[in-house]
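Understanding the architecture of this molecule
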Amino acid sequence: MSIIQGNTKVSAGGYNIAQSIRFNDNDSAYLSKTLSTPTNNLQWTWSAWVKRGNLGSSYLFNGGDGSSNNFGNLQFLAGDGLQFSQINGGSYNVQFQTTPVYRDVSAWYHIVLVYDSANATAADRLKIYVNGALQAGTYVTGPFAQSTASKINSAIAHYVGKLDYSALYYDGYMADVHFIDGQALAPTEFGEFNDDGVWVPKAYTNAAGYGNNGFYITGADSADLGADYSGNGNDFTSSGLTSDDQRGDTPTANHATWNPLFFRRTGSYKPTFADGNLYVAGQSSQVSHTGTTISSTGKHYAEFLVNNGSSSITGPGVVRSYWDGGLAQSYAHNYGGSYYADNGTRYYNNTSDSQTAPGANRIGIEVDFANNEVEYFIVTSGGTKTSQGGKLTSANGIDFDGEGIFSATLHDTSSRNITAYFEEADWWGTPNTGYKALSTANLPTPTIKDGSAYFNTILYTGDGSATTRSLTGVGFQPDFVWKKVRSAADNHWLHDAVRGADKGLNTNRTDSEYTSTRLTSFDSDGFSFATNDPDTNGSGRTYVAWNWLAGNGTASNTDGSITSTVSANQTAGFSIVGYTGSGSGTSTVGHGLSSVPKVIVVKSRDSVTNWLVYPGFAEGYVSDPETDYLNLNDTGALADFNFWGDTAPTSSVFTVSSTANTAVNQIAYCWAEVEGFSKFGNYTGNGSADGPFIWCGFKPAFILVKEITAARDWQVWDSVRSPVNVANDLLFPNASLAEGVNDPNNGVDIIANGFKIRGSGSGCNQSSNTYIFMAFAEHPFGGSNVAPVPAR
C-alpha cells in the first residue's frame, strides 16, 4: 500500500494535485456508493479534472436505481460532446448536449456540472463549465421544470466512471473529484486563471462545506482509491481498480502518454489504446506512432515492455518531431532517429546491429535530444539496467534537429503491443544522472508564458461612422495589424509601425501602398481608425484583427549591404523591416532578430508586385528553401526561382537577388521560431477526416496553412473566431472572400500541444500532398515552473 502526499497549496496561490485515478474501461473500472438523504437535491455541484483515454462514448458520473427508468448521468457522447441527461419513470425530462467537442488527449479538462432546478431562470437550471467557461449547447429535451427533483443526489446508488444500469464505463484519468450537496457553485470555487491567463486548479475552501451527500475523492490512498476526504465519510467502493491505478499524471504534472491522435499505418487499421493510453496494440497492418510530448533541450528516460512473439519490426524508439510519418525503417534510416526491435536488433542510419532480445524484461531508453544521443538498456524487474551497444550519437547518424519524441512501431497483429512507463514511480531501473521523465514539468521554461502578450486577436462590429473610433482589448500596443471583414467579401488590410499607421497593403492584391484613414494610430491597447469604408467599419459588418507586437519603435540597421529601418522583437521572434532596393545585383538586408527567420514576407510599397514568401516552413520537404518561393496573394504551389539569391537567411540578414531588388521602397515581415510561442513547418495530408496531428508545443491561437504541392488557397483559423472545437471558420489571405463558416471539410481541432486536422478537404488535407503551416501560441504546453495548459 502507498499513500501519496495529499493535494496541497503551493506558493503564489497555486495548488498542487498530487495524484489521479486511472479508469481503464477494459477493466470495467469504477467507484460506487449508495448515498443517503440529501441536504437539498434541487441544488448540487460536481467538479473534476479529467484526462481522456479512449475517445467516444464514456461515462463520468451517474446516479440511478439500477434500471434504465430512473437515473441522472454525465457522459461524453460518441461524437465527443458532453451530455447531461435525466430519466424519470422511463422518460427523459432533460437531455442537454454541448456544442463543443472534447477530443484532446494530451492534457486535462476541468469539468463542472451545476444542477440548480430551484432557479427561476430556466436556462440557469443546468450548467456545464469546461476550464471555467460556460458551454453552449442544445436541449434535446428540457430544460428542467422548476424545482424538479434530481436523481443524482438522491438516496440511490452513485457511480464515478460507470453508467449504473449497464456495463458502460469511463476511460481515462480523473483527479480532484468534488460533489457538493445543496449548493449551485461557480467553477471559480475549484479553479482560477493564473497570472499568465491559464486555468489552473484551486483548493475548495467554501465555508458551507459539502452537505450531507458531498464527497471529495483524491485517490491519495492506493489501497482505498474511493476514500472520501470531505469529512463526511462517504467512501466509495472501487471495482476493477488496483493500486497501480493511482497515478502521478495530474493537471499540475501532466505526463506523456501514447498519442491516439498521431499514427501512421500501411493499411486501414488503427492501433488500439488502453490503460490511460500507456498501452498500444497493433492491428492487421504495420503501425507507427508517437507520444504526446516532445522535448528540445532535455535529457529524458522511459521504459517499455514489448509483447511481440517473433517479428523484428516491433519496438520503441526515438524520432524527430517532424518525422515524415513513415514506418520504423523510415525514421531509423532516413530521419535521424532510431528504434530497438523486440528481437534485439538496434536500427539507426541505414544500419542495424544485434543486441539482446528483451524477452520479459523492459527496454529502457535514455535520450538527450539537444545533443543527439540515445542509449538503449535491458532492464530487469530487480532493477538491473544493462546498456545495449553503448550510446548512439551524431557520429552514428542520430540527428533530432532540435526536437524529438519517443515513438514505437508495431507489426501486424493485436498480439503485438507495447506498454510505456513514462512516470518515475513505474520504472524498474534508475536512469543516469540528469535524465528525467518526459512531462510538462520537465520541459524547458518557455521564454513567453502568455502568448497573448505578443500576439492577440480581437473581433469587432462596424458602426458605419467616419469619426475616429478606437478599439481596445489587444493587451499591448501593436506594431502590425492585419484586419479583414468577416461577414462580406472585401480586402485584407495590413498596417505596420515602420511604414506608418495610415499606410495599407492588401494581401489579396498586388497593388502598391494606399494612404487612408483605415488606420490612424497604434494605441497602448489597440488601434484607431476614422472611416466608414465597408472593408474596415461598415455598419453591422463583423471584423477580425490579428495583432503582433514588434519593437514599439524603430531603429536603423546596417547589418546588410542595404541600410534598413527595423522594428524588432527578439523575444517573440518578429520584426518589421523597411528598406529601399538597390536596383541591381544581390543585396543583403538586416532584419534585427538575432536569430534565423524561417518565414519572410516581402512586398513592394511603390509598385504592383506579388507578395513574396520565403518558405522556411518547407524545410524537411525541401532541403534548400532559399531556392524557392510562394506568393501570399495567389494559390500557386511552391516554385523554384532565385528571389533570395539562393542564399539562406542568417541571424542578422536575409538576401534578395536582382529580381527582387528593384529600386523601390519595400516592406518585409520576418518571423523566427520561438519555442512555446511560434512554430513553422509542414505536414503530409492523408485525405481523411481523421487527419494528421501537428505538434506545436503550445495551444495555438492562430494557424495559417497552405498546400505547396498544388495550387490551393491559403487558409487561416484562430481561437477567437472559433473559440471551441471544431475550428472551421475560415478566411483566405489570397482572396477577398467572406468568412467560410462551419466548413465540414476544412476544420481543425485546436488542442493543448498543437492541432489535429479534422477535415478531408483539399484545402488542408489532400492525401499525400504537402502543406506548410504557421502557428502562434495562446499558451505553451508546459515547462518548468509553468502551469500545464488545459485541454481544449
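Provided above is the structure to which this section pertains.
Conventions and cut-offs
Residues numbered from 1 in each chain as written. Predicted model: local features only at pLDDT ≥ 70, side-chain atom pairs only at ≥ 80, totals over all residues. Heavy atoms only, no water. Helix = DSSP H or I, 4+ residues; strand = E, 2+ residues; numbered from the N terminus. Rg over C-alpha atoms; globule rule 2.2 N^0.38 Å. Buried < 20%, exposed > 50% of the residue type's maximum accessible area, 1.4 Å probe, protein only. 1 Å grid on protein atoms, 1.4 Å probe; cavity = no way out; pocket = protein on both sides within 12 Å on 5 of 7 lines; lining within 4 Å. Points joined across faces, edges and corners; volume = space filled by probe spheres on them. Nonpolar A, V, L, I, M, F, W, Y, C, P; charged D, E, K, R; others polar. Core = buried A, V, L, I, M, F, W, Y, C linked by side-chain atoms within 4.5 Å. Contact = heavy atoms within 4.5 Å. Salt bridge = Lys/Arg side-chain N within 4 Å of Asp/Glu carboxyl O. Phe/Tyr/Trp six-rings, centres within 6.5 Å; stacked < 30°, edge-to-face > 60°. Lys NZ or Arg CZ within 6 Å of the ring centre and 35° of its normal. Pairing = 2+ DSSP bridges. Axes fitted to C-alpha atoms, helices over the stretch in contact; angles between N-to-C directions. Polar contact = N/O pair within 3.5 Å; in protein donor to acceptor, adjacent residues only side chain to side chain.

**Section: the overall build of the protein chain**
When helices and strands are tallied, the protein chain shows three helices and 60 strands. For 792 residues, the compact-globule estimate of 2.2 N^0.38 gives 28 Å, and the protein chain sits close to it at 28 Å. Counting only C-alpha atoms, the protein chain reaches 85 × 70 × 45 Å along its principal axes. Put simply, the protein chain has 792 residues, and 61% of those count as buried.

**Topic: empty space enclosed by the protein**
In the structure shown here, the tally under the stated rule is two cavities of 30 Å³ or more. Considering the residues around the largest cavity, the lining is formed by 16 residues, among which Trp482, Val601, Trp671, Leu704 and Met774 are closest to the centre. Mapped onto the lining of the largest cavity, the elements with two or more residues apiece are strand S37 (480–485), strand S48 (599–604), strand S53 (665–671), strand S56 (698–707) and strand S60 (770–780). For the lining of the largest cavity, the per-class residue count stands at 16 nonpolar, no polar and no charged. The space that makes up the second largest cavity amounts to roughly 40 Å³. Tallying contributions element by element places strand S17 (residues 199–201) first for the lining of the second largest cavity, with three residues. Taken together, the residues of the lining of the second largest cavity break down into ten nonpolar, no polar and no charged.

**Notes on the nonpolar core**
Counting 96 residues, the largest nonpolar core has Trp46, Leu60, Phe84 and Ile111 as the members making the most contacts within it. With residues near it in sequence (within four places) discarded, Phe84 still touches Trp44, Gly72, Asn73, Leu74, Val94, Gln95, Phe96, Leu113, Leu126, Ile128, Phe144 and Ile152. Core analysis: the next-biggest nonpolar cluster, separate from the first, contains 60 residues, Phe574, Phe698, Cys764 and Ala777 among them.

**Structural notes on unusual backbone geometry**
It is generally the case that most residues other than glycine have a negative phi and that most peptide bonds are trans. For the bond from Gly142 to Pro143, the omega torsion is 5 degrees, close enough to zero to count as cis. Considering the arrangement of structural elements, one finds Pro143 in the loop between strand S13 (137–141) and strand S14 (157–160). With omega at 10 degrees, the peptide bond leading from Asn725 into Val726 counts as cis. With respect to the element layout, Val726 can be found in the loop between strand S57 (714–718) and strand S58 (748–751). The phi torsion at Asn153 lies on the positive side, around 75 degrees, for a residue other than glycine. Given the relative accessible area of 0%, Asn153 is considered buried.

**Regarding the pattern of salt bridges**
If you walk through the whole model with that rule in mind, you get 33 salt bridges. When the shortest N-O distance is used, the salt bridge between Asp249 and Lys51 registers 2.7 Å. With Asp249 in the loop between strand S20 (246–247) and strand S21 (258–265) and Lys51 in strand S5 (residues 43–52), this residue pair connects regions lying 198 residues apart in the sequence. Pair check on accessibility: Asp249 and Lys51 agree, each one buried. Between Arg518 and Asp535 there is a salt bridge, with its nearest N and O atoms 3.0 Å apart. Of this pair, Arg518 sits in the loop between strand S40 (514–515) and strand S41 (521–523) while Asp535 sits in helix H2 (residues 534–537), and the two are 17 residues apart along the sequence.

**Points about the packing of aromatic side chains**
Applying the stated criterion across every chain, the model contains 62 aromatic pairs. On the numbers, 5.9 Å between centres and 55 degrees between planes, the contact of Tyr30 with Tyr159 is tilted. Remark: Tyr159 occurs in strand S14 and Tyr30 occurs in strand S4 (residues 30–34); sequence separation between them is 129 residues. Of the two residues examined, Tyr30 and Tyr159, each falls in the buried class. An angle of 75 degrees between the planes, with centres 5.6 Å apart, marks the rings of Trp548 and Phe702 as edge-to-face. Taken as a pair, Trp548 in strand S43 (residues 542–548) and Phe702 in strand S56 lie far apart in primary sequence, 154 residues in all. Judged by relative accessible area, Phe702 falls into the buried class, the value being 1%. The ring of Tyr421 is capped by Arg362, whose NZ or CZ atom sits 3.5 Å from the centre of that ring. Here the basic side chain of Arg362 rests over the ring of Trp428, its NZ or CZ set 3.9 Å away from the ring centre.

**Concerning the environment of Pro733**
Following the sequence through the fold, Pro733 ends up in the loop between S57 and S58. Note: C-alpha distance between Pro733 and Thr520 (213 residues apart in sequence) is 23 Å.

**Notes on the sheet that holds strand S35 (residues 455–461)**
The strand order across the open sheet formed by six strands is S35-S43-S37-S38-S39-S40, and the pairing between neighbours is antiparallel. The open sheet has two free edges, formed respectively by S35 and S40, since each of these has just one partner strand. Where strand S38 (residues 492–496) meets strand S39 (residues 500–505), two bridges bridge the pair, whose relative direction is antiparallel. Pairing of Asp496 across the sheet is with Gly500, part of S39.

**A word on the sheet that holds strand S7 (residues 70–76)**
Within a sheet, each strand pairs with its neighbour through backbone hydrogen bonds, oriented either parallel or antiparallel. Sheet architecture is open: eight strands sit in the order S13-S9-S8-S7-S6-S14-S4-S19, paired in antiparallel fashion. Both edges of this open sheet fall to S13 and strand S19 (237–239), since each of them pairs with a single strand only. For this sheet, the mean angle separating the axes of adjacent strands, direction not counted, is 15 degrees. Summarising the sheet, strand S6 (residues 58–64) and S7 pair through six bridges and their orientation is antiparallel.

**What about the side chain of Asn234?**
With respect to the secondary-structure elements, Asn234 resides in the loop between strand S18 (215–217) and S19. Beyond its immediate sequence surroundings of up to four residues, Asn234 is in contact with Lys33, Asn212, Asn213, Gly214, Phe215 and Asp228.

**Looking at the environment of Pro788**
Position of Pro788 among the secondary structure elements: in the segment after S60. For Pro788, a relative accessible area of 10% corresponds to the buried category. Along the primary structure Pro788 and Thr148 are separated by 640 residues, whereas in three dimensions their C-alpha atoms are 39 Å apart. In this structure, Pro788 is in contact with Val198, Pro251, Thr252, Ala253, Asn254, Thr440, Phe781 and Gly782, ignoring residues within four places of it in sequence.

**Some details on the environment of Asn93**
Tracing the chain through its elements places Asn93 in strand S9 (residues 91–98). With 415 residues separating them along the chain, Asn93 and Asn508 place their C-alpha atoms 52 Å apart. The contacts of Asn93, once residues within four sequence positions are left out, are Gln86, Asn88, Thr141, Gly142, Pro143, Phe144 and Thr148.

**Overview of the side chain of Arg499**
Note on placement: Arg499 falls in the loop between S38 and S39. You can call Arg499 buried: its relative accessible area is 6%. Among the polar contacts listed, one links the side chain of Arg499 to the side chain of Glu513, at a separation of 3.0 Å. Here Tyr669 takes part through its side chain, which lies 3.4 Å from a polar atom of the side chain of Arg499.

From the geometry alone we can't say anything about function, so treat these as descriptive.
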